[in-house]
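Spelled out from the first residue to the last, the chains are:
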Amino acid sequence: MSRLILIFLLGLSSQVNAQRPTIKNGLESFVRANTIYPMYAKENCIQGNIEVAFKVNKEGKITYAAITKGIGADLDAEALRLIKLTSGKWTVPAGYDTTFLIRTPMKFSLQDYGCEQLNPGSVGLAIKQYSDEMASLSKIASFYRNRETGTENFIEEEKIIALKNDMGVDEDYLNKKIAIGEKKISQGDLQSACEDFKFVKYMGSTKADKLLAKYCK
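As recorded in an unreviewed UniProt entry, the chain goes by TonB family protein and comes from Pedobacter ureilyticus. Within the UniProt record for the chain, the comment given under Subcellular location (unreviewed entry) is "Membrane".

### Concerning the nonpolar core
Ile-46, Phe-54, Leu-75, Ile-83, Trp-90 and Phe-108 are the most contacted members of the largest nonpolar core, which has 34 residues in total. Looking at this core, the elements with two or more residues in it are helix H1 (27–34), helix H2 (39–43), strand E3 (48–56), strand E4 (62–69), helix H3 (74–85), strand E6 (102–108) and helix H4 (120–149). Ranked by the residues each element gives to this core, the list is headed by H3, at six residues. Apart from residues lying up to four places away in sequence, Ile-46 is in contact with Tyr-37, Tyr-40, Ala-41, Ile-71, Ala-73, Leu-75, Leu-110, Val-123, Ala-126 and Ile-127. Among the nonpolar cores identified, the runner-up in size contains 27 residues, and Met-167, Phe-199, Tyr-202 and Cys-216 belong to it.

### Focus on the pattern of salt bridges
Enumeration over the complete set of coordinates arrives at ten salt bridges. With its nearest N and O atoms 2.9 Å apart, the salt bridge here joins Arg-81 to Asp-189. With Arg-81 in helix H3 and Asp-189 in the loop between helix H6 (171–186) and helix H7 (190–201), this pair connects stretches of sequence that are 108 residues apart. Here Arg-81 and Asp-189 have matching classes, each one buried. Residue Lys-207 is joined to Glu-171 by a salt bridge in which the shortest nitrogen-to-oxygen separation is 3.2 Å. Here Lys-207 is found in the loop between H7 and helix H8 (209–215), whereas its partner Glu-171 is found in helix H6, with 36 residues between them in sequence. Residue Lys-207 is classed as partly exposed on the basis of its relative accessible area of 33%. Judged by its relative accessible area of 47%, Glu-171 is partly exposed.

Thresholds applied
- Residues numbered from 1 in each chain as written.
- Predicted model: local features only at pLDDT ≥ 70, side-chain atom pairs only at ≥ 80, totals over all residues.
- Heavy atoms only, no water.
- UniProt positions renumbered as here; feature names shortened; annotations may be inferred.
- Core = buried A, V, L, I, M, F, W, Y, C linked by side-chain atoms within 4.5 Å.
- Buried < 20%, exposed > 50% of the residue type's maximum accessible area, 1.4 Å probe, protein only.
- Helix = DSSP H or I, 4+ residues; strand = E, 2+ residues; numbered from the N terminus.
- Contact = heavy atoms within 4.5 Å.
- Salt bridge = Lys/Arg side-chain N within 4 Å of Asp/Glu carboxyl O.

Here's what the structure looks like:
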């Protein structure tokens, strides 16, 4: 099995005041320990730099976070999730200006994962196709949400099943999604984990129902 290595190069924008928020062992260490490389990016060898901007209040909680320079795939969401996951973990010095916007560049890289020989053009194409992928998944989810309320169009079901097959939304795919959600639970990221479990549900599966009942009431 190929070994997955994540390399992150992070830096905080300098502030006029030398005293700025810190996090135990540093942000780079936190990111290394908590990153869950997203499925689409991992399967398509999507790598690169993402910049996140955020604000921290006096209690060390994240009050604002946004992608200021993204890639255009699910790595963007993971970068933002990681920053939000640091909420409450920052030590803020007295007198710190909580309106200051901290900018953090992150570099996501896959090594020894078979990506070295991949044509860069195919990676660029995968990034361009990401929005189409999300639109197709949204179409599937809408069908099963409508089924839950008793308003689904049965004529469409055959097309939805075919679409799932074309996209590879099978047992293995859903199991991976559940595993990602369970990792997020272990990190204390209940909100994001529940989004993953709901995703599985609205792909027409009952595999995550027990987890939804336990964590997402």
